[in-house]
Every structure is written in C-alpha cells, then in structure tokens.
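Descriptive analysis of the structure
Listed here are the chains, written in short residue letters.
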Amino acid sequence: MRILHVNPFYYPYQGGTEKYLYDLCKRLARRNSVSVISSKFGNNPEFEIIEGTKVYRIKSIVLEKLPPFLPPPLAIPISFRRNILRICEKERPDVVHIHNRFFLSYSSMVLWKKSLGAPLFITLHNARPVGINEETDFLGQLFDDYIGHRIIRSCDRVLANSRWTLETTLPKDYPREKAEIIYNGVDTRRFRRIDSSLKDKLGCEFLSTTVCRLLPQKGVNYLIAAIKDIEEDYKAVIVGRGPCLGELKSLAKKLGVDKKVEFVTSHLTDEELVKYYSASDFSVLPSLWEPFGITLIEAMACGCPIIATNVGGIPEVVTSDCGILVSPRSSNELALAINRLIGDKNLRRKMSRNARKRVEKYFDFDLIAEKVEQSYRSYLEEAG
C-alpha cells in the first residue's frame, strides 16, 4: 500500500502532532511505501528518507511570532498546489492522509481531491475549542463553523484522537459510520522507567514533572498557585516554552514559590524527558482544554501516577487506578491531590504499576499503527 501523509511540519520538528506522525510513519513504512509532504523549515533538506519514510519539504514562509490564540510556527508553503500534484503523480498514493485542518494551504488539498486519485483521510488531533478563554473559543469555533467543517466533510474518513474530540468536532451531518476513534500512542520501549539521579540534582524529596506548551489553555498558573499549599520538600518541574513563560515566572515569584518551581525551556530529547519522568513521583497536567494529552501517556509509560484535570479526552486516558482527576481552574483540588500522593507511598506505587500496564494495553504505538493501517485497508476493501 502507498500512503501519503500531509502535515505542515515533520521530524525533526517536535510538536505533539509531529511526534505522533513520525512514530506512525516509521511503523507503517515497515510494510508499506510511506511518504510525507511538509514545510521546509530551518536547514532541513528538501528531500530525505527518514526511517524508511520519504520526506518531501516544500519551500515555505514560516511565521514564528503570532498572537497566543495562534500557537506558532505557522507555515505558508510556496507553490503548494504545483508541488503536491507533482509529488502525488510521482508517488501514486492509495491513501492521502492530512493531519491538520487549521493550516489552510495544507488542508486545502480537499479542493484538489479529484486530482489526487485517492481517498482522503483526516486525523482530528485538535478538538473544537471549548472552555479555553473567550477569545480562543470564539475564533476557533468560528473557524470550524465556516471552514473546518467544510474540510472535514470533504474527507472520506475521519480519525479522532479521543471520543471527546470526535463528539465535539465532527460536523453533525457527517456520517458517523465513516469516522472512528484511534487514540494517540507512545513507544513503550523508548518511554519506560529508568534509574535517574535528577531528583538528587534538583535537591528535593518529592518531584513532579509537567510537560506542555506554556499557553493559557494548559492551566499551569493553577499548578503554581497550588504549590503554596504544599508544605513538604517538593519541587515542580515545568518543561516547555511559550508566550506565558514570563507571566508564570512572575506568578511564582509573587506567590513566594519560585524556589519550588523549576522551568526547563531548552528542547529536551525523548531520552532526557524519560529521565525527568523517571525521577518524578507523579506527573501533573492542569489543562483547561485537552483533546488527548500525549505527555500523559509518555509519563504513564514511565510509571508516573497522574494528576490531571477532568476535561476533554483526559478521562479516556487517565483512570482512577492510575491517577487523580481534579476540576479545572482549581488550585485547591490540585493541592489536595498533590498532598495525597506525597503522603501515600503505597498509593503512588500502585498507580505507577497500573499506569504502565494501561499504556501497554491501550496506547502502545505498535497497536495504534496497526489500527491506522487497518482503517486504510478496510476503506479500500469497501470501496472495491
């Protein structure tokens, strides 16, 4: 089977969708011909083969300074139509799979669907924005109502990363039988608990790790506010970059907890992330809106109990035997959950074992890739 994926960015760019796509492609490439079209970003070559995947990068204008409701970078490819049709003619794909409805130059492939000569799949990595803030909710919903839904309706099959994403984002008139839920996955061989001395280097008895972009929707300010109610020798590591960094640092200083918060803003490899997760007693994700949460299953694969908010797709990922769910925007509930795990070693151990088991059973990327491939094959068989 010949599969063509289309996304604004690809490895070595390390966003959540890009990490998912890289792990998916290298598995699909074991049995199929797999190619990717993305933007030329930085010094990456216009064409190369990565882990068996042919990567075509189109010359693009990349904008990195954008308002908060448009997380950067934004890629605007040059001569996209000419390049996409040229590559499709060369690769002759059986399936074309797009991964983003918000980058119009890429999602506009639906306009040339007949020219592609192949069914069009889309994965909904991001759900309809609900509960982030007034500006983001309004603009995101307006986009979906007038543009996003038209893109989705034009696709032959829709995959969603959680039931919540599907239910909130799929247009009401889209045939439900043409849509399915396939969760995100994690490489359980790469993400696993290892010996780590990071806690000793950070000089604390209890440690948590939070990995996310520093945006309002991630709710990190509520975690920082909760720390003032933690009396134990505890430190929260926050890994990520984004427009809220300065504001969050100021908040920590204002509340007098800056010594208990460690911001890591440099890019970390997966190996370095594993060291942080493995050194942590638990992982915290205080999001206000979360379609799935790849960092949750990364932490769980490393045996981290989870404290997260009861929003979006998170309850489909984190069950009561491996984590504690709290209300969004509640520093008090976050503090209670943190204190509960700090004070109960046996509970942490039990949740750690269950977290790893749950990931192995439901979110191992080998299983996820098989489900995606089967979705392609079943569609092609039905289409005859």
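Throughout what follows, the structure given in this document is the object of discussion.

About the criteria used
- Position numbers for residues count from 1 along each chain, tracking the sequence in the order it is written.
- Note on the predicted model: pLDDT of at least 70 is required for a residue's local features to be given, and 80 or more for side-chain atom pairs to be given and counted; whole-chain, interface and lining totals, by contrast, use all residues.
- Side-chain numbers here rest on the full set of heavy atoms in the structure, without hydrogens or water.
- To get an axis, fit a line to the C-alpha atoms, keeping to the stretch in contact for a helix; angles then go from 0 to 180 degrees between the N-to-C directions.
- Per the convention used, a helix needs a DSSP run of H or I reaching at least four residues, while a strand needs a run of E reaching at least two, with both numbered from the N terminus.
- Between 65 and 115 degrees an angle is taken as roughly perpendicular, under 35 as roughly parallel, over 145 as roughly antiparallel, and anywhere else as oblique.
- Only heavy atoms enter the contact rule, under which two residues are in contact if any of them lie within 4.5 Å.
- By the convention adopted, Pro, Cys, Tyr, Trp, Phe, Met, Ile, Leu, Val and Ala count as nonpolar, Lys, Arg, Asp and Glu as charged, and the other residues, Gly among them, as polar.
- A side-chain nitrogen of Lys or Arg and a carboxyl oxygen of Asp or Glu constitute a salt bridge if their distance falls within 4 Å.
- Only protein chains enter the area calculation, which uses a 1.4 Å probe; residues under 20% of their type maximum are buried, those over 50% are exposed, and those in between are partly exposed.
- Here, patches come from residues exposed beyond 30% relative accessible area and free of salt bridges, joined within 9 Å for like charges and within 5 Å for nonpolar side chains (Val, Leu, Ile, Met, Phe, Trp, Tyr).
- Accessible areas in this description were obtained via Shrake-Rupley with a 1.4 Å probe; residue shielding takes into account the shown protein chains only.
- Asp and Glu are treated as the negative residues and Lys and Arg as the positive ones, with His and the ends of the chain left uncounted.
- A single reference atom marks each charge: NZ on Lys, CZ on Arg, CG on Asp, CD on Glu.
- At least two DSSP bridges between two strands are needed for those strands to be called paired.
- Any pair of N or O atoms that falls within 3.5 Å is considered a polar contact. Within protein, one atom must be able to donate a hydrogen and the other to accept it, and sequence-neighbouring residues count only if both atoms are side-chain atoms.
- By convention a crossover is right-handed if, when the strands point away from the viewer, the path from the first strand over the helix to the second runs clockwise.

A short note on the packing of helix α1 (residues 16-28) against helix α15 (residues 365-383)
Where α1 contacts α15, the axes come no closer than 9 Å and their chain directions differ by 70 degrees. Judged by the angle between their axes, α1 and α15 are roughly perpendicular. Counting all contacts with α1, which are made through Y20, D23, L24, R27 and L28, the residues of α15 involved are F365, D366, I368, A369, V372, E373 and Y376. Here the residues of the contact of α1 with α15 are counted per class, giving eight nonpolar, no polar and four charged.

Let's talk about the pattern of salt bridges
Counting across every chain of the model gives 26 salt bridges. The closest approach of N and O atoms between K19 and D270, which form a salt bridge, is 3.2 Å. Taken together, the residues span a long stretch of sequence, with K19 in helix α1 and D270 in helix α10 (residues 270-279) at a distance of 251 residues. The residues K19 and D270 share a single accessibility class, namely buried. One salt bridge connects E290 with K218, and the closest N-O pair in it is separated by 2.9 Å.

Concerning a positive patch on the surface
A cluster of like positive charges, contributed by K345, R349, K350, R353 and K357, occupies part of the molecular surface. Among the structural elements, K350 can be located in helix α14 (residues 345-362).

A few points about a nonpolar patch on the surface
A contiguous nonpolar patch, built from L104, F138, L139, L142, Y146 and I147 and spanning about 560 Å² of accessible area, is present on the exposed surface. Here the element with the most residues in the nonpolar patch is helix α5 (residues 134-153); it accounts for five residues. Its location among the elements puts L142 in helix α5.

Some remarks on the pairing of strand β4 (residues 53-58)
Taken across its six residues, β4 has five buried, putting it largely inside the fold. As paired strands, strand β2 (residues 33-39) and β4 are joined by six bridges and run parallel to one another. Bridge pairing links V34 to T53 in β4. Here four bridges tie strand β3 (residues 47-50) to β4, and the two strands are oriented antiparallel to one another. Within β4, the position partnered with E48 by the bridge is V55.

Concerning α10
Of all ten residues in α10, seven are buried, a share of seventy percent or more. Burial in α10 covers these residues: D270, L273, V274, Y276, Y277, S278 and A279.

Details of the side chain of T169
With respect to the helices and strands, T169 occurs in helix α6 (residues 163-169). In terms of polar contacts, T169 uses its side chain to reach the backbone carbonyl oxygen of T165, at 2.8 Å.

Focus on the environment of S378
Mapped onto the fold, S378 is located in helix α15. Sequence separation between S378 and D173 is 205 residues, and the spatial gap between their C-alpha atoms is 22 Å.

Observations concerning the pairing of strand β12 (residues 234-239)
In terms of burial, β12 is a largely internal element, six of the six residues being buried. Sheet topology places strand β11 (residues 206-211) next to β12; six bridges connect them, and they run parallel. Within the sheet, the bridge partner assigned to L207 lies in β12 and is K235. At this point the chain moves from β11, through helix α8 (residues 220-227), to the parallel β12, and the crossover so formed is right-handed. Pairing analysis gives four bridges linking β12 to strand β13 (residues 261-264), with the strands arranged parallel. When the sheet's bridge partners are listed, V239 is paired in β13 with V264.

As for the sheet that holds strand β16 (residues 323-326)
Note: strands within a sheet are paired through backbone hydrogen bonds, in either parallel or antiparallel orientation. Read across the sheet, six strands follow the order β13-β12-β11-β14-β15-β16 without closing on themselves; strand pairing throughout is parallel. Every interior strand has two partners, whereas the edge strands, β13 and β16, have only one. Here the strands of the sheet are splayed against their neighbours by 20 degrees on average, with no regard to which way each runs. On top of the sheet, helix α13 (residues 331-342) reaches β11, β12, β14 (282-285), β15 (306-309) and β16; it is set at about 165 degrees to β16, its chief contact.

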